Amino acid sequence: MKSKILITMLISCLLIAPLVAGGNPIWAENRHDSQRTGTVEGIGNMKDGNIIQKWSLGPVSGTYRSFVADVNGDGKNDVVLSGGRGIEVIDGSTGNVTWTFTDDSKPYLTGLVNLGDRYGILAGGYSVPYMMVEYGKEYPVWNRSLANGPYSENYGFQLAGISYSSGNPYGIVVRPGAYYGYPNYPPVSGSVGNSSMAIFDLTDGNLLWSMDLPLFTLHAVTGDIDGDGSDDIVTIGIGTGGDYGVLAAYSRDGTEKWNRTGHFNGERLFIGDITGNGNPEIILANYTGYTCFDNRGDLLWNTNLQWSPETKDYRQNTDTTTIYPGKGILVMDGTSYLYFIDGSGSILWKKQMGEGAYLYPIVADMDGDGNRDIMLEQYVVNSYVRFICLNSDATEKWNSTVSTGENVTPLYMLVADVDSDGKLEVLTTWSAHGGNIALTCFEENSAETERPTPSFTAHMLGVALLLTTSLVFIRKKRS
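The text that follows walks through the structure, step by step, so that each part is easy to find. Predicted model only: the values in this text are computed from it and were never measured.

## Some points on the overall build of the protein chain
- Helix and strand counts for the protein chain stand at four helices and 34 strands.
- Going through the 479 residues of the protein chain one by one, you find that 50% of them count as buried.
- Long-range contacts, defined as pairs at least 24 residues apart, comprise 49% of the intrachain contacts of the protein chain with a sequence gap of at least 6.
- Carbon together with sulfur atoms contributes 51% to the accessible area of the protein chain, which is approximately 21,600 Å² in total.

## What about the nonpolar core?
- Formed by 22 residues in total, the largest nonpolar core has its most connected members in Ile-362, Met-366, Met-375, Phe-387, Val-415 and Val-426.
- Secondary structure elements with two or more residues in this core: strand 28 (362–365), strand 30 (384–390), strand 31 (396–403), strand 32 (408–416) and strand 33 (425–432).
- Core analysis: the second largest hydrophobic core is formed by 16 residues, Ala-160, Tyr-170, Ile-172 and Leu-215 among them.

## A word on the sheet that holds strand 24 (residues 328–332)
- Taken together, the four strands give an open sheet; going across it, the order is 23-24-25-26, and neighbouring strands pair in antiparallel fashion. The open sheet has two edge strands with one neighbour each: strand 23 (322–324) and strand 26 (347–352). Strand-to-strand, the axes of this sheet are offset by a mean angle of 20 degrees, without reference to chain direction.
- Of the pairings in the sheet, the one linking strand 24 to strand 25 (residues 337–342) comprises five bridges and is antiparallel in character. Residue pairing for strand 25: Val-331 is matched across the bridge by Tyr-339.

## A closer look at the pattern of salt bridges
- Evaluated as defined, the whole model comprises 15 salt bridges.
- Here Lys-54 ties to Asp-419 by a salt bridge, and the two come within 3.3 Å at their closest N and O atoms. One end of the pair, Lys-54, is in strand 2 (residues 51–61); the other, Asp-419, is in the loop between strand 32 and strand 33, with 365 residues separating them in the sequence.
- Judged by its relative accessible area of 27%, Lys-54 is partly exposed.

## Considering the packing of aromatic side chains
- Counted by the stated rule, this structure contains six aromatic pairs.
- A centroid spacing of 5.5 Å and a plane angle of 50 degrees characterise the contact between Phe-340 and Trp-349, whose relative ring orientation is tilted. For the pair formed by Phe-340 and Trp-349, the shared burial category is buried.
- Among the aromatic side chains, those forming a connected cluster through ring pairs are Trp-99, Phe-101 and Tyr-135.
- The side chain of Arg-252 reaches across the aromatic face of Tyr-170, ending 4.0 Å from its centre.
- It is Lys-350 that lies over the ring of Tyr-337; its NZ or CZ is 4.3 Å from the centre.

## Looking at the pairing of strand 22 (residues 299–304)
- Across five bridges, the pairing between strand 21 (residues 289–293) and strand 22 is antiparallel. Within strand 22, the position partnered with Cys-292 by the bridge is Trp-301.
- Counting the residues that bridge the hairpin from strand 21 to strand 22 gives five residues, and of these Gly-297 lies at a positive phi of roughly 90 degrees.

## Section: unusual backbone geometry
- A positive phi is found at Lys-106, a non-glycine position, where the angle reads about 55 degrees.
- Locating Lys-106 in the fold gives a position in the loop between strand 6 (97–101) and strand 7 (109–114).
- Of note in the backbone geometry, Ser-166 takes a positive phi value of approximately 55 degrees without being a glycine.
- Following the sequence through the fold, Ser-166 ends up in the loop between strand 11 (158–165) and strand 12 (168–175).
- With relative accessibility at 68%, the residue Ser-166 sits in the exposed group.

## What to know about the environment of Ser-163
- By secondary structure assignment, the location of Ser-163 is in strand 11.
- Ser-163 sits in the buried class, given a relative accessible area of 0%.
- Sequence separation of Ser-163 and Thr-222 is 59 residues, and the distance between their C-alpha atoms is 6.1 Å.
- Beyond its immediate sequence surroundings of up to four residues, Ser-163 is in contact with Asn-168, Pro-169, Tyr-170, Ile-172, Thr-222, Asp-231 and Arg-252.

## Let's talk about the side chain of Thr-321
- Among the secondary structure elements, Thr-321 is positioned in the loop between helix 2 (315–318) and strand 23.
- Of the polar contacts made by the side chain of Thr-321, one reaches the side chain of Tyr-290; its length is 2.6 Å.

## Section: the pairing of strand 25
- The buried count for strand 25 comes to five of six residues, which makes it a mostly enclosed element.
- Here strand 25 runs beside strand 26; their pairing, made up of five bridges, is antiparallel. In the sheet register, Tyr-337 faces strand 26, and the bridge partner there is Gln-352.
- Where strand 25 hands over to strand 26, the hairpin turn is made up of four residues, of which Gly-345 adopts a positive phi near 95 degrees.

What counts as what
- Residues numbered from 1 in each chain as written.
- Predicted model: local features only at pLDDT ≥ 70, side-chain atom pairs only at ≥ 80, totals over all residues.
- Heavy atoms only, no water.
- Helix = DSSP H or I, 4+ residues; strand = E, 2+ residues; numbered from the N terminus.
- Buried < 20%, exposed > 50% of the residue type's maximum accessible area, 1.4 Å probe, protein only.
- Contact = heavy atoms within 4.5 Å.
- Areas by Shrake-Rupley, 256 points an atom, 1.4 Å probe, with all protein chains shown as cover.
- Core = buried A, V, L, I, M, F, W, Y, C linked by side-chain atoms within 4.5 Å.
- Pairing = 2+ DSSP bridges.
- Axes fitted to C-alpha atoms, helices over the stretch in contact; angles between N-to-C directions.
- Salt bridge = Lys/Arg side-chain N within 4 Å of Asp/Glu carboxyl O.
- Phe/Tyr/Trp six-rings, centres within 6.5 Å; stacked < 30°, edge-to-face > 60°.
- Lys NZ or Arg CZ within 6 Å of the ring centre and 35° of its normal.
- Polar contact = N/O pair within 3.5 Å; in protein donor to acceptor, adjacent residues only side chain to side chain.

This is the structure in structure tokens:
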């Protein structure tokens, strides 16, 4: 009998535990390295699309680009963005601007850097000096200009990503050899590209090393492809005369791990486990479709999507690539078709989404059911925008049309725990007429959809069981 009582009490404690420990899990910070994978950790409570505006900022002149993290050290998430007034930090709960950084060079936000005990704000690019800004400081911690460097002709360096090795952050920048028109107009036979790559220590801005790469149209991405705990650098470029593609992997110190050549090319690189085997794959988006390699650089498959004639620029499609962890990739083409390509390269499904412009899909558990959903934003007409939430099999969960108050064009959508309440919100950027930009945060209308949560139900059941067990125990002891 005593053993039964102990078991019952243990079950009761386990049921109570989620409420005592905090039933809503803390939203895990994503890597803020400018890589747009579209995959978001965390849980939302948007169960039926009853979405309301939480706050809005703007419109102002300029271009907003934003990231979400706790940059002022108060334990709550902030929204960091670059816009017409400079780089701004916004309270994620209220939308109020808490700090603004301005500089004569007018740098734009390129990413957030995890410095261990705080986040640094990385800004700059192209002909603008790269600089590290910290919350509350009037001047950059460091800045470095490559405009007059030996590798600056044509383009100047562009940030490819932020690599972490033993907890230290490094900036990966590349300067693609100047070339336009590929593949319709390949380079002259025998001509050699003049790309280069450089690595910065992001704690002090010092240039650690740089190398020349005889390639055209160089692109790079960072990620731990071999599971050693340090991020690697994967590059893709076009070789001599445009006759072949070159895919290569480097360690953080510049040591080449492997190099593959073949009849492939592309403007986008993605790293993620799309097969579910525990190892990341390397996905190359190109003008015919997608090519996939394993983490050792061996070719796995090539899928030709035969983009519709209405799509004038295939980059409109590859821009919308999103990794669905363990299952495949999603892509929204320029003719409103959403594709799901599985880990073997097969088209799992193709869904016509209807007329209108769509932003790239985001993969996140939007309703808290334990399964990742597919979130889309659609520009409809006039002053309305529609959010659409799909299951992974393309069936629709819900859609919600919201008013923006004026004619707008959506620019991007971000899903994150913006206000640090343990649930995901939707952050959108819109371009209003006149070129002005507005940033708006949406959340579930909890006032109308509030219902007992599983954690609360478990709590009440646990309390009931605990009381019942106590009474049984007391009566047993008295008898």
